Amino acid sequence: MEDRPHPADIESPANVADTEYRVLARKYRPKNFGDLIGQDAMVRTLSNAFETGRIAQAYMLTGVRGVGKTTTARILARALNFETDAIKEPTIDLSDEGVHCRAIMEGRHQDVIEMDAASNTGIDDIRGIIESAQYFPVSARYKVFVIDEVHMLSKAAFNGLLKTLEEPPAHVKFIFATTEIRKVPVTVLSRCQRFDLRRIDSELLASHLKKITGLENFGIEDEAAALIARAGEGSVRDALSILDQAIAHAVQTVEAGAVRDMLGLADRARIIDLFEQVLSGDVASAMGELRAQYEVGADPTIVLADLAAFTHFVTRLKFVADAAQDASITETERTRGNEFAQKLSVRVLGRAWQTLLKGGREVAMARDPLAAAEMVLVRMAHATELPGPEDAIERLKHLAKQPIAAGGATPSTAPGGDSNITAMAPANVQEAPSPQITDGPMAVAAKPITSELISDTQTVTPEPAAVLAVSNVTDVSLGKQAEQPDLSRYGTLDALVSLAEDKRDLRVKNALRNDLRVVDLSPPNLTFSLVDGADQRIVQLLMERLQKWTGARWIIAISQEEGAPTLAETDARSKSERMADAEANPAVHAVLKAFPGARVVDVRLREALQNGTSEEFPTNPEEPEDADMTGDELDP
């Protein structure tokens, strides 16, 4: 017969519970408001409310995962039901343990009912709460209902809860917790006192991790604590879970290198080296460094995320000097970040950020993340070396002004003495050869200086700059410069409007009248700013129409200057002034006074009436020229 252990030899559940290992997130869960970190505003509000007796009937706790919503709900339930031999009322001072405290904090008190709305979403679950709320608590002062992830309740469940939530019995309190506050109906929110639990600051979280590591009789390096705090992203629970794993991985001290290997992170110094190699155009070294980091365990996705984070840090340093004081920032990041902030322009940093942001998503979905990451670095290195749209346009303007010899090729150098950018215009050829852009880690063959090249330039959407698009002003053919027709009669915006009216192009006419604030108009140059909401494609449309109508190529640019008022704004102001003058006329004033409620709605000048009707187009005009551009679409 098989020997069975004596019942006395079997370890009781209580003993098992005493010897069972508990993770740090549970072991060091706060038991009172003083233990909560990073939530000073909420603690101060609740302290004042409890001291003055202004205790709400329902509380809504919201915040990201792991910031302490459920823990705060239990501490609040403990404060509401706190009771000792000396204290018989709700209090925020929980330094001593009360009669109900231990059971409440362990989630097993019969008068503190906790419900997970993620698994109890229906009206039947809420109906049980409503029925239970009618009965007095068994032993505590209040019956407290704690509903976690309350946003998961169904619409019917929310509706069923509303009446009880608005007028609960005096012995009932509600505490809700959610990570998705926007999914909670406003009818529920309006009946609750809301507290937004903040993400924990990296410096404070790192200090908390050091404290807990000391209590566990372990050491931890400052950089390791900063790495874990950063990986926790403001969540205490996430950070403690990582620390738990790091302690198990360590011997006596949690080292930064071990944490980095455990999380698949790259060395911060190596990330900065990679950043420098990419932005300096050293693609070969950058790809070698990425592969070296990959071989020691770094995840390509995380490497790109770290590069993006460092790009953001350098950009912040250009505008926020105190950004370097963050405790989670290493001394290497602080020193070299300041160096990059002084050397790199915002345009270069912006391009790097956009490339990394898009590339990170590509790498996450790629079958070969390393190969995808390498391609992102190549694209990033090349993009940062490309000239900006303003630079390209200035170079085109310079090339267009260069004289072309009749007997041979004449090289020209771009402004600033850049000898790598050369335009050759040999004689007796139909089309000039493409200028070569050879600076930086790549060579780009530019198109010939023709109107097609300018059309390509127009499609670029630049950062805020003085110029959006430009039309070529010379023809490079047969070594001869094209003659420009006389454009002096188009020196005013009214003249251009009249031209559009003669050509029966309503779209261009309306744009010229309503959307353009002229900065400079000296044909064939037109510089203007656009009113808010105007379609920027009007630039391309104007270039094509004016060239076709006048026989000359126009240089059209958008400026950041405000410019003169639009023709429509000028007309409106003139009309307003005329109406004000009319109302001030004694005769008109007498008429208005004689007829209460009458008002001046329009003023017409005698000359305009004598000249005939004010129709802008004939009643039955012929088919408009370029009818495809007079509709709702601006695309030619």
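Because the structure is predicted, anything quoted here is derived from the model rather than measured. (Residues numbered from 1 in each chain as written. Predicted model: local features only at pLDDT ≥ 70, side-chain atom pairs only at ≥ 80, totals over all residues. Heavy atoms only, no water.)

**Focus: the pairing of strand β4 (residues 172-178)**
For step 1, the next point in the chain: Burial analysis of β4 places seven of its seven residues in the buried class, the great majority of the element.
For step 2, the next point in the chain: Neither face of β4 is left uncovered, since the one carrying Val172, Phe174, Phe176 and Thr178 and the one carrying Lys173, Ile175 and Ala177 both have all their residues buried.
For step 3, the next point in the chain: Pairing of strand β1 (residues 58-62) with β4, which is carried by five bridges, proceeds in the parallel orientation. If you follow Tyr59 over to β4, its bridge partner there is Ile175.
For step 4, the next point in the chain: As paired elements, strand β3 (residues 143-148) and β4 share six bridges and run parallel to each other. Within the sheet, the bridge partner assigned to Phe145 lies in β4 and is Phe174.
For step 5, the next point in the chain: In this fold, β3 hands off to helix α7 (residues 155-166), which returns the chain to β4; that crossover is right-handed. (Buried < 20%, exposed > 50% of the residue type's maximum accessible area, 1.4 Å probe, protein only. Helix = DSSP H or I, 4+ residues; strand = E, 2+ residues; numbered from the N terminus. Pairing = 2+ DSSP bridges. Right-handed = clockwise from strand over helix to strand, strands pointing away.)

**Some remarks on the sheet that holds strand β14 (residues 555-558)**
Two orientations exist for strands paired in a sheet by backbone hydrogen bonds: parallel and antiparallel.
For step 1, the next point in the chain: Read from one edge of the open sheet, three strands run β12-β13-β14, paired in mixed fashion. If you trace the sheet from one side to the other, it starts and ends with β12 (516-522) and β14, each paired once. For this sheet the average axis-to-axis angle between neighbouring strands, irrespective of direction, equals 20 degrees.
For step 2, the next point in the chain: When β12 meets strand β13 (residues 525-530), the two strands line up antiparallel, connected through six bridges. Bridging from a neighbouring strand, Leu516 pairs with Leu530 of β13. (Axes fitted to C-alpha atoms, helices over the stretch in contact; angles between N-to-C directions.)

**Here's the deal with the packing of aromatic side chains**
For step 1, the next point in the chain: For the coordinates displayed, the defined rule picks out seven aromatic pairs.
For step 2, the next point in the chain: Ring centres 5.9 Å apart and planes at 20 degrees place the aromatic pair Phe174 and Phe176 in the stacked group.
For step 3, the next point in the chain: With relative accessibility at 0%, the residue Phe176 sits in the buried group.
For step 4, the next point in the chain: Where Phe310 meets Phe313, the ring centres are 6.2 Å apart and the plane angle is 45 degrees; that geometry is what we call tilted. Highlighted residues: Phe310 and Phe313, both in helix α15 (residues 300-319), separated by three residues, approximately one helical turn. Each member of the pair, Phe310 as well as Phe313, is classed as buried.
For step 5, the next point in the chain: Ring-pair connections join several aromatic residues into one group, and the members of that group are Phe275, Phe310, Phe313 and Phe340. (Phe/Tyr/Trp six-rings, centres within 6.5 Å; stacked < 30°, edge-to-face > 60°.)

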